[in-house]
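So you can see what is in the structure, the chains are spelled out below.
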Amino acid sequence: MAKTLFEKIWSAHVIRDLGDGRAIIHIDRHVLQEGTSPQAFDGLRKMGLKVRNVDQTYAVIDHSVSSQPGRTDASFEPSRYRMSKMRDNCGEAGIELFDIHDPRQGITHVVAPELGITLPGTTLVCADSHTATNGGIGGWAWGIGTTEVRHVLANQALIQRKPMTMRVIFTGELASGVYAKDLILYLIGQNGIAAGTGHVVEYAGPAIERLPVEARLTICNMSIEFGARAGLIGVDQATIDYVLDRPFSPSDATREQAIAHWRTLRSDPGAIFDREIHVDCDRIRPQVTWGTTPQDVTGVDGCVPVPADMADDDTRRTLERALAYIDLKPGQPIEGVPIDIAFIGSCTNARLSDLEEAAKVLKGRHVADGIRAMIVPGSTGVKRAAEARGLDRIFIDAGFEWRESSCSMCVATNGDVVAPGQRCISTSNRNFEGRQGPNSRTHLASPAMVAAAAVTGWITDVRRLLP
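Residues numbered from 1 in each chain as written. Predicted model: local features only at pLDDT ≥ 70, side-chain atom pairs only at ≥ 80, totals over all residues. Heavy atoms only, no water.

Looking at the packing of aromatic side chains
- Applying the stated criterion across every chain, the model contains six aromatic pairs.
- Counting every residue linked through ring pairs, the aromatic cluster contains Phe-6, Trp-10, Trp-140 and Trp-142.
- Sitting over the face of the ring of Tyr-242, Arg-246 holds its NZ or CZ atom 3.9 Å from the ring centroid. (Phe/Tyr/Trp six-rings, centres within 6.5 Å; stacked < 30°, edge-to-face > 60°. Lys NZ or Arg CZ within 6 Å of the ring centre and 35° of its normal.)

Here it is as structure tokens:
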């Protein structure tokens with residue numbers, strides 16, 4: 001019987017079928033972060049338990065650490081306790097920690113693929129919703145809660161209800177100025193933030209197959225904003241080339257066996273999904289959000305919707321609230337909206353390829369007067385690689401702040417905050433009310449679009465600035 005990629009991974013990891021749609025699932029990789037792990041370790045101690053598989057568990061400090069150059073524990077005082085607890089807990093348990101001065105430090109969902117912790121066909125969990133990012137490597141990755149963190153530490157397993165499957169098939173060609181971020185924002189805008197609820201989403205089709213692996217990670221990252229808990233992409237030669245020779249990828253002794261297995265990790269011809277959606281990439285222009293959810297999005301040449309045009313009262317009121325918060329007028333063109341801050345960072349769009357696309361726009365240009373612009377690499381490894389290519393000089397010469405790796409302004413729990421009433425165009429994944437700071441206003445876009453806005457001072461069609 002033909003199987004989907006997800007069904008193959010599910011069946012390979014079932015320890016016990018519980019007979020009611022649930023199963024005990026083996027967890028191959030567990031990544032901890034400092035915000036949600038202290039309570040889990042405290043729970044283990046109270047129960048007299050130890051970490052079951054230390055060699056399958058990794059830890060990163062990313063959410064609360066400052067992005068300031070030369071940062072220390074004291075750079076953002078509220079985070080000092082969390083970082084100290086993370087070190088104590090990992091030291092006691094013998095878990096490998098990528099601390100703030102470790103060359104492997106970075107945002108969880110950037111370093112896991114970068115270091116080869118994420119591998120095709122693996123199950124990976126972390127107490128962060130955007131763990132789905134790792135599905136771009138061809139595994140099943142999802143976010144868990146603090147209680148589940150304790151369970152995985154103790155048992156290396158979780159009880160899971162088998163989700164439904166969805167396939168989104170992207171066809172057509174990506175035009176100049178259109179990137180992976182635009183594809184996923186367009187999908188969410190056309191179908192809504194609840195369309196993926198109850199599903200694991202497989203992204204497929206010729207347009208996906210042409211994307212480099214880092215772009216696939218961006219697509220899977222925002223599966224959460226589509227309503228799904230996980231998204232994944234089938235393994236091909238590009239995947240295999242990406243994961244080989246990374247620090248935690250298979251050694252020479254097991255490499256050929258691993259590669260042979262990885263090549264099977266695609267949905268079989270004729271595999272049946274519970275739902276399918278088709279997206280024509282020829283229709284997609286550079287995207288930017290106008291409201292307070294990722295489904296509030298339009299092409300950069302579009303306009304803000306008019307609530308009065310909506311027949312449904314609830315929809316009309318929701319739009320009115322969003323426009324009041326974001327301070328835009330009904331029917332207003334989105335291009336030309338002035339910004340205060342341009343932020344390039346987060347687990348969505350802070351990899352080397354993202355910075356390279358931003359640099360193409362910024363080279364020979366300068367940030368507009370009065371605009372604060374900052375780039376926060378997704379990992380220390382990304383930062384070093386960008387500096388080796390001279391990208392940091394392009395950013396600094398253009399007037400951008402060149403920072404240390406951190407979740408930074410995406411989550412605003414580390415000192416990097418958008419002030420009340422300020423408007424930020426951001427490469428992150430969420431534009432909720434208060435996401436980047438109390439009463440902050442956020443517009444989501446690709447790195448190239450953020451760079452374009454930074455140099456003009458307003459939301460700008462990046463195609464005007466590309467060669």
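With respect to the environment of Met-409
- Here Met-409 is to be found in the loop between strand E17 (401–402) and strand E18 (423–426).
- A C-alpha to C-alpha distance of 7.4 Å links Met-409 and Phe-343, two positions 66 residues apart in sequence.
- The contacts of Met-409, once residues within four sequence positions are left out, are Ile-341, Phe-343, Arg-372, Met-374, Asn-414, Asp-416, Val-417, Val-418, Cys-424 and Gln-436. (Helix = DSSP H or I, 4+ residues; strand = E, 2+ residues; numbered from the N terminus. Contact = heavy atoms within 4.5 Å.)

Brief notes about empty space enclosed by the protein
- With the rule as written, the count across this model stands at one cavity of 30 Å³ or more.
- When its volume is computed, the largest cavity comes out at roughly 40 Å³.
- Lining the largest cavity are Thr-4, Leu-5, Phe-6, Thr-165, Met-166, Val-200, Val-201, Glu-202, Leu-232 and Phe-273.
- Put simply, the parts of the chain that give the lining of the largest cavity at least two residues each are helix H1 (5–13), strand E9 (164–171) and strand E10 (199–204).
- For the lining of the largest cavity, the element with the most residues is E10, which contributes three residues.
- For the lining of the largest cavity, the per-class residue count stands at seven nonpolar, two polar and one charged. (1 Å grid on protein atoms, 1.4 Å probe; cavity = no way out; pocket = protein on both sides within 12 Å on 5 of 7 lines; lining within 4 Å. Points joined across faces, edges and corners; volume = space filled by probe spheres on them. Nonpolar A, V, L, I, M, F, W, Y, C, P; charged D, E, K, R; others polar.)

What about the side chain of Ser-408?
- Along the chain, Ser-408 falls in the loop between E17 and E18.
- In this structure Ser-408 touches Ser-67, Phe-343, Met-374, Val-376, Asn-414 and Asp-416, once residues within four positions along its chain are discounted.

Here we look at the sheet that holds strand E16 (residues 372–375)
- With parallel pairing, the five strands of this open sheet are ordered in space as E17-E16-E15-E18-E19. Edge strands, defined here as strands with exactly one partner in the open sheet, are E17 and strand E19 (441–444).
- One ladder, built from two bridges, connects E16 with E17; its direction is parallel. If you follow Ile-375 over to E17, its bridge partner there is Trp-402. (Pairing = 2+ DSSP bridges.)

Thoughts on the layout of surface pockets
- In this structure, the largest pocket encloses a volume near 330 Å³.
- If you trace the largest pocket, you find 18 residues lining it, with Pro-120, Gly-121, Thr-122, His-261 and Trp-262 closest to the centre.
- Here the residues of the lining of the largest pocket are counted per class, giving eight nonpolar, seven polar and three charged.
- Of the volumes computed, that of the second largest pocket is approximately 260 Å³.
- In this structure, the second largest pocket is lined by 18 residues; those nearest its centre are Tyr-179, Ala-215, Ser-353, Asp-354 and Glu-357.
- Counting only elements with at least two residues in the lining of the second largest pocket, the list comes to helix H6 (180–191), helix H8 (213–221), helix H12 (352–362) and helix H15 (447–456).
- Sort the elements by how many residues they give to the lining of the second largest pocket and H12 lands first, with five residues.
- A per-class count over the lining of the second largest pocket returns eight nonpolar, four polar and six charged.

As for the pairing of E16
- The pairing of strand E15 (residues 341–344) with E16 spans four bridges and is classified as parallel. Bridging across to E16, Phe-343 finds its partner in Met-374.
- Handedness of the crossover joining E15 and E16 through H12 is recorded here as right-handed. (Right-handed = clockwise from strand over helix to strand, strands pointing away.)

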